[in-house]
Amino acid sequence: MAQLVLLDDEFAALPPVIGEGRRVMANVERVANLFLTKTVYATLIALAVAFAASPYPFLPRHLTIVSDFSIGIPAFFLALLPNARRFRPGFVDRVLIFAVPCGLVAGTAALVAYYGVAGSLPLIQARTTATEVLVACGLWVLALLCRPFTPFKAGLVAAMGTCFVGMLAIGPVRRYFALSVPAATRTAWAVVVVLVAGAALEVIYRVVRDRAGLR
């Protein structure tokens, strides 16, 4: 049985077919990186909280924010973008060597941010700090996967960050999601944690890019 049938007897139909296959495979890999990163940091946070026997750093609505802005909405658009990258074997290996360390960095950053202020801030503000850090790390991972940037991809990352900041700035929305922004000195702690985590994510990206050709 033939593996390929040309219905119009024209080989000119093949380039668009190959292009579509490349788009699907490359975008699936990009989206898989996002979702597996979330799985890793969610597992790490759950295990850490279980061993510490402490209040969970997030409410379900906080995780909804993280998932929507750093994974769900961006993944929808990234899955539909054009992508001419050639198919390369090793899909699972590439995803694992990127997503596992990135997930560990993001989860560790959220835990450090949370436990760093948990004893000195109300629980709602400690949870807000953890949410801010996890969203920021998620957006950083998203920005890595959007490289090389195009105007659309840069706009997508910027829009997700702007939506999150806007949500924090609008009182009724902030209260609905049980968030309370700490004082500037405590917010500076979250910024430091994000910058350290971002530096680690940049190192991971460069190592993976050099070893496996992430782009």
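Scope of this entry: the structure provided in the associated data block.

1. Regarding the layout of surface pockets
Of the pockets and cavities examined, the largest pocket occupies roughly 330 Å³. Forming the walls of the largest pocket are 15 residues, and the residues nearest its centre are E132, A136, F164, V165 and L168. Every element with two or more residues in the lining of the largest pocket is listed here: α4 (123-145), α5 (151-169) and α7 (184-212). Per element, the largest residue contribution to the lining of the largest pocket is six residues, and it comes from α4. When grouped by side-chain class, the residues that make up the lining of the largest pocket number twelve nonpolar, two polar and one charged.

2. Points about unusual backbone geometry
Note the cis peptide between R147 and P148, where omega equals -5 degrees. Looking at where P148 falls in the secondary structure, it is placed in the loop between α4 and α5. Unusually for a residue other than glycine, A53 sits at a positive phi of about 55 degrees. Relative to the helices and strands, A53 resides in the loop between α1 (14-52) and α2 (60-78). Accessibility expressed as a relative area gives 70% for A53, which makes it exposed. Backbone geometry at A178 places phi at a positive 55 degrees, although glycine is not the residue there. Mapped onto the secondary structure, A178 falls in the loop between α6 (171-176) and α7.

What counts and how
- Residues numbered from 1 in each chain as written.
- Predicted model: local features only at pLDDT ≥ 70, side-chain atom pairs only at ≥ 80, totals over all residues.
- Heavy atoms only, no water.
- 1 Å grid on protein atoms, 1.4 Å probe; cavity = no way out; pocket = protein on both sides within 12 Å on 5 of 7 lines; lining within 4 Å.
- Points joined across faces, edges and corners; volume = space filled by probe spheres on them.
- Helix = DSSP H or I, 4+ residues; strand = E, 2+ residues; numbered from the N terminus.
- Nonpolar A, V, L, I, M, F, W, Y, C, P; charged D, E, K, R; others polar.
- Buried < 20%, exposed > 50% of the residue type's maximum accessible area, 1.4 Å probe, protein only.

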